Amino acid sequence: MLLRSRAVQIKSPREIEAMRRSCQLAADTLCAVAELVRPGVTTEEINDFVHQDTLNKGAIPAPLGYHGFPKSVCTSINEVVCHGIPGPQKLEEGDIINIDVTHIVDGFHGDTSATFYVGKVSDEAIRVTEVARKCLELGIAEVRPGARLGDIGAAIQEFAEGQGCGVVRDFVGHGIGRKFHEDPKVSHVGVRGRGERLRAGMIFTIEPMINVGGWEVEVLDDDWTAVTVDGSLSAQFEHTILVTDGGAEILTVRDRPLVNSELYPNYWS
């Protein structure tokens, strides 16, 4: 039986297990596509790989056709914050690229993304990427029964702004399950002690988008591609999270390191 608090769904043990399967397959595809990231590769080639790998796993690429989105994965380069559409653009030395993978398996969605380095990149690109990675970790650390959604946003905002970066407001994390996007909305800015109270069985994404400059974004004429207004670099990391009785389970946890991304494990030490 599906319990509801307002519109927020509490997943049953059976649904949680189905979500684990979809999330693990999505995480595996993200690890696999990471191997393609290098100068000269087109975002269309990345899309083709993700599309085929998804099908090979018996899954469906959730982005394809979602509200008219034309591809099977989002590829967001440099100043593109999110929802970049794959095409003929080639990756260049010094780029950073977020690859956002979502699978549907037996009707349930698994959603995860990471930002990757293309060859040798600038110190600024490393900084914004590692700030975004750390923000995701800090947001997840706030997840436990009884905590508030605002605690997640506050932890992310405090750290990012303390590093001189902007936190995107226009796009947020979201509940996920049989639907790609469900309640609750998970803002990456917030005030501690405010917002929906977390309960075991809730599943949602945390996916902070962090900009070198201001937080403002604009959507291009294709109605999808969101870019920083000031043209500054943007980075993002995303996991799908289950609230457990004792804290949080990362459903999209990876079984191996992300090549071309996890290059600076001691960055914050």
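For the structure itself, consult the block above.
(A) Focus on the side chain of Asn98. Considering the arrangement of structural elements, one finds Asn98 in strand β6 (residues 96-105). Residue Asn98 is classed as buried on the basis of its relative accessible area, which comes to 3%. At 2.8 Å, the side chain of Asn98 forms a polar contact with the backbone oxygen of Gln236. Excluding residues within four positions of it along the chain, Asn98 makes contact with Cys74, Thr75, Ser76, Ser113, Ala114, Thr115, Gln236 and Phe237.

(B) Quick peek at the packing of helix α1 (residues 13-33) against helix α2 (residues 43-56). Direction vectors running N to C along α1 and α2 enclose 145 degrees, while the axes themselves pass 10 Å from each other. Read as a crossing pair, α1 and α2 show a hand that is right-handed. Contacts between α1 and α2 involve Thr29, Ala32 and Val33 from the first element and Ile46, Phe49, Val50, Asp53 and Thr54 from the second. Along the lines of polarity and charge, the residues of the contact of α1 with α2 split into five nonpolar, two polar and one charged.

(C) Main features of the state of the cysteines. The tally for this structure, following the rule as stated, stands at zero disulfides. The cysteine Cys31 is free of any disulfide, with Cys23 supplying the nearest cysteine sulfur at 13 Å. Here Cys31 falls in the buried class, since its relative accessible area comes to 4%. Here Cys74 is not cross-linked by a disulfide; its sulfur's nearest cysteine counterpart is in Cys82, at 7.7 Å. Classification of Cys74 as buried rests on a relative accessible area of 9%.

(D) Molecular detail of the side chain of Thr240. Of note, Thr240 is situated in strand β16 (residues 239-243). Of the polar contacts made by the side chain of Thr240, one reaches the backbone oxygen of Asp111; its length is 2.7 Å. Apart from residues no more than four positions distant in its own chain, Thr240 is found in contact with Met19, Cys23, Gly110, Asp111, Ile176, Ile203, Phe204, Thr205, Glu249, Ile250, Leu251 and Thr252.

(E) Region of the structure containing the pattern of salt bridges. All told, the structure shown has 16 salt bridges when counted by the stated rule. The salt bridge involving Lys134 is made with Glu137; its shortest N-O contact spans 3.9 Å. With Lys134 and Glu137 both in helix α3 (residues 123-141), this residue pair falls three residues apart, about one helical turn. According to the relative accessible area criterion, Glu137 is partly exposed, its value standing at 43%.

(F) A look at the sheet that holds strand β8 (residues 166-167). Taken in spatial order, the three strands of this open sheet run β8-β12-β15, and their pairing is antiparallel. The open sheet has two edge strands, β8 and β15 (234-236), and neither has a second partner. Sheet topology note: the β8/strand β12 (residues 209-211) ladder contains two bridges and is antiparallel. Bridging from a neighbouring strand, Val167 pairs with Ile210 of β12. α3 rests against β12 and β15 of the sheet, and its axis sits at about 145 degrees to β12.

How each quantity is defined
Residues numbered from 1 in each chain as written. Predicted model: local features only at pLDDT ≥ 70, side-chain atom pairs only at ≥ 80, totals over all residues. Heavy atoms only, no water. Helix = DSSP H or I, 4+ residues; strand = E, 2+ residues; numbered from the N terminus. Buried < 20%, exposed > 50% of the residue type's maximum accessible area, 1.4 Å probe, protein only. Polar contact = N/O pair within 3.5 Å; in protein donor to acceptor, adjacent residues only side chain to side chain. Contact = heavy atoms within 4.5 Å. Axes fitted to C-alpha atoms, helices over the stretch in contact; angles between N-to-C directions. Left-handed = near helix turned anticlockwise from the far one by under 90°. Nonpolar A, V, L, I, M, F, W, Y, C, P; charged D, E, K, R; others polar. Disulfide = S-S within 2.5 Å. Salt bridge = Lys/Arg side-chain N within 4 Å of Asp/Glu carboxyl O. Pairing = 2+ DSSP bridges.

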